[in-house]
Structure formats: C-alpha cells, structure tokens
Amino acid sequence: NAAESVVRLYSASDGATFLGFGVVLDSRGTIITDPDVIGSLKAANAVVTNGSSTKMRILSDNSANGFLYLSPVSTSSTVRFVAGKLSSDSARVGESLVALFGKSALRIASGLVVAVGGELQQKLIYTDFSPDSIYKGLPVINTKGEFVGMSTRVARAYESTAFEPLVPY
C-alpha cells in the first residue's frame, strides 16, 4: 500500500506547522522530499500513517537536482517505516496517476500525464492535477502503486503541476 510510505513533515520546533510530504525509501527511515519542505530548518518531524512521529535530520542535500534526503535522528524510534516502491518505468503521456495528499487525513486526487520532457536530464512529468492540490513534496503514484514523481522546487519552476521523477538515494 503506497499510502503507508508517505510521511507528513512538520516543524521540529513546534510539531504543529505542516511543511509538506516525503516518501520513505527504506526500512531504516530514509525519506526523500522537496528541499523547499525543510527550507532553512535543520530538522523536521516525520509522521507516518498510524500517527506516530520521529525527528528527522538532513542526510544529504541534493537541492541542485531537486531532492533532499532525511534520516531519523534516533535509531531507537518506535516508528515503523514502510519503504515505497519507486517505478523503474518512465511516465508516459496519457498514463493515469494518483496524488496522495492531505495535511491531516489521507486524500487522493487523480490526474493524467499530459506531457513528458523538459531541460532536465530526468524528464519532468507534466500533469492535469489541480494546482490547489499540489503541496511541497507531494508524491504521485502509477496504477501499479509505484511512486513515479514528486512536486519539487525544480519541477514547480517549470510549471505548478509538474513533477520530478523520483530517484533512489
């Protein structure tokens, strides 16, 4: 279930300010997100589907390529991380995608890939999602439940409803 691999990221200082989304890459809790989710902060709290939370720190800043990687501050956390499956296939025009969003409760939105391309080495995925449903770090999945892309600063610089293909850490 892809929804179990989506985390909501909140401010580590107050725990209440919603920052955006991330996707769990492995059972150790490595998370990929949009650098704009964290901004100038050094840490964030990751909340998994069952509501448990753990403090995350920056593991690797690859902002130039559109991604930030986080890892748990403590390894003794009781939070159980479920790794998402990244799609090995490139998105295709006409393909159906689902966005997993919602600040407090999981919501979904469906959309189509309307174009693929761009000036990036990894080709941007342009969609017909409503711009109102796009949050920083918003992931999209294909009909097989595999993560295809994420809303990042790099993608949004081209178009508000564009997504950057996810890359493993």
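In this text, all values refer to a predicted model and were calculated from it rather than measured experimentally.

## Things to note about the overall build of the protein chain
- Secondary structure summary: the protein chain contains two helices and 12 strands in total.
- Taken over the C-alpha trace, the protein chain has a radius of gyration of 15 Å; the compact-globule value for 169 residues is 15 Å, and the two agree within 12%.
- C-alpha atoms of the protein chain, sized along the principal axes, occupy 45 × 30 × 30 Å.
- Burial status across the protein chain gives 53% buried among its 169 residues.
- Long-range contacts, defined here as pairs at least 24 residues apart, represent 56% of the contacts in the protein chain between residues at least 6 apart.
- Carbon and sulfur atoms make up 48% of the accessible area of the protein chain, which amounts to about 8,000 Å² in all.
- For the protein chain, the centre of its 15 positive side-chain charges and the centre of its 14 negative side-chain charges are spaced 6 Å apart.

## Some thoughts on the side chain of Asp26
- Structurally, Asp26 is set in the loop between strand S2 (18–24) and strand S3 (31–33).
- Among the polar contacts listed, one links the side chain of Asp26 to the side chain of Arg28, at a separation of 3.0 Å.
- The residues touching Asp26, leaving out its near neighbours within four places in the chain, are Phe81 and Ala83.

## So, the pattern of salt bridges
- As enumerated under the stated definition, the model contains seven salt bridges in all.
- Linking Arg28 and Asp26 is a salt bridge whose minimum nitrogen-to-oxygen distance equals 3.0 Å.
- For Arg28, a relative accessible area of 63% corresponds to the exposed category.
- Note that Lys85 is salt-bridged to Glu146, the shortest N-O span being 3.8 Å. Taken together, the positions of Lys85 in the loop between strand S6 (67–72) and strand S7 (96–101) and Glu146 in the loop between strand S10 (139–141) and strand S11 (147–150) put the pair 61 residues apart, joining distant regions of the chain.

## A few points about the pairing of strand S8 (residues 107–117)
- One ladder, built from six bridges, connects S7 with S8; its direction is antiparallel. Across the sheet, the residue bridging to Leu100 is Ile108, located in S8.
- Summarising the sheet, S8 and strand S9 (residues 124–127) pair through four bridges and their orientation is antiparallel. Each residue of the ladder has a partner; that of Gly117, found in S9, is Leu124.

What counts and what doesn't
- Residues numbered from 1 in each chain as written.
- Predicted model: local features only at pLDDT ≥ 70, side-chain atom pairs only at ≥ 80, totals over all residues.
- Heavy atoms only, no water.
- Helix = DSSP H or I, 4+ residues; strand = E, 2+ residues; numbered from the N terminus.
- Rg over C-alpha atoms; globule rule 2.2 N^0.38 Å.
- Buried < 20%, exposed > 50% of the residue type's maximum accessible area, 1.4 Å probe, protein only.
- Contact = heavy atoms within 4.5 Å.
- Areas by Shrake-Rupley, 256 points an atom, 1.4 Å probe, with all protein chains shown as cover.
- Lys, Arg positive; Asp, Glu negative; His and termini not counted.
- Charge placed at Lys NZ, Arg CZ, Asp CG, Glu CD.
- Polar contact = N/O pair within 3.5 Å; in protein donor to acceptor, adjacent residues only side chain to side chain.
- Salt bridge = Lys/Arg side-chain N within 4 Å of Asp/Glu carboxyl O.
- Pairing = 2+ DSSP bridges.

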